[in-house]
Amino acid sequence: MFQKPKRNFISSYYKSQIVPSVFQLSFGTIGFISLSTAFLDKRQMESIRLLVTRIIRRRRVVTTYVSGEVKSSRKRGWMKFHALYNISITKKGSKSRMGKGKGAIDQYVYAVKQNQCFLELRDVPIITALNILKKIRHKLGIRVAIISNEKRMYHVL
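Just so it is clear, the structure is predicted and the values come from calculations on it, not from any experiment.

A separate point is the pattern of salt bridges. Think of it this way: side chains of opposite charge can pair up when their charged atoms draw near. This model, assessed by the stated rule, comprises 2 salt bridges. In this structure, the salt-bridge partner of Arg43 is Asp41, at a minimum N-O distance of 3.1 Å.

Per the counting criterion, the structure on display carries 1 aromatic pair. Plain terms: the ring middles of Tyr85 and Tyr110 are 6.4 Å apart, the flat faces sit at 70° to each other, and that makes the pair edge-to-face. In this pair, Tyr85 is assigned in the loop between β5 (78–81) and β6 (87–91) and Tyr110 in strand β7 (residues 104–112), connecting sequence segments 25 residues apart. Relative accessible area serves as the criterion here: at 28%, Tyr85 is assigned to the partly exposed category. Above the face of the Tyr85 ring, Lys42 is positioned so that its terminal group lies 5.3 Å from the ring centre.

Looking now at the nonpolar core. Residues Phe32, Val52, Phe118, Leu121 and Ile136 are the most contacted members of the largest nonpolar core, which totals 25 residues. Counting residues per element, this core draws most heavily on helix α2 (residues 42–56), at 6 residues. For Phe32, the residues in contact, after removing those within four places along its chain, are Gln116, Cys117, Phe118, Leu119, Leu121, Ala129, Ile132, Leu133, Ile136, Val144, Ala145 and Ile146. Counting 6 residues, the second largest nonpolar core, distinct from the first, contains Leu25, Ile33, Cys117 and Ala145.

Let's shift gears to the pairing of strand β8 (residues 116–122). The element β8 is largely enclosed, with a buried count of 5 among its 7 residues. Of the strand pairs in this sheet, strand β1 (residues 30–34) and β8 are connected by 5 bridges, and their pairing is antiparallel. Paired with Phe32 across the two strands is Leu119, which belongs to β8. Pairing of β5 with β8 involves 4 bridges; the strand directions are antiparallel. Of the residues in β8, the one forming a bridge with Trp78 is Arg122.

The rules behind each value
Residues numbered from 1 in each chain as written. Predicted model: local features only at pLDDT ≥ 70, side-chain atom pairs only at ≥ 80, totals over all residues. Heavy atoms only, no water. Salt bridge = Lys/Arg side-chain N within 4 Å of Asp/Glu carboxyl O. Phe/Tyr/Trp six-rings, centres within 6.5 Å; stacked < 30°, edge-to-face > 60°. Helix = DSSP H or I, 4+ residues; strand = E, 2+ residues; numbered from the N terminus. Buried < 20%, exposed > 50% of the residue type's maximum accessible area, 1.4 Å probe, protein only. Lys NZ or Arg CZ within 6 Å of the ring centre and 35° of its normal. Core = buried A, V, L, I, M, F, W, Y, C linked by side-chain atoms within 4.5 Å. Contact = heavy atoms within 4.5 Å. Pairing = 2+ DSSP bridges.

What follows is the structure in structure tokens.
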């Protein structure tokens, strides 16, 4: 008869929580984190890059009130990817027979882990980041959340 384990390790494995002390954004003030593990290829990341660039590179007027004076300036947003394409995927021809070794390298993918930041934004308001989040989640196919470095806000859609 099998013995029961002394400690149940699985109970803590299935809890998917966002821990605020884990995330330290190095580049920007808003980060996009994945809530599940997945492989992202270059086509997905390129479509995200084009989408985010189209939204945040628009110049917008930012008004600030400093000591009673109204100053307006034009700001543009910036972004940075944390993607290292280091996992290679091989593929054999469709009409090749069984055996004869492994196929040639077809593409490189980026492994995103759970609660890992893969995109950071700077000089972008939180409302714009929420609009980006709505569009990104359709492109990726994984659950994505926003983390803000300033106020420790979390937004999951």
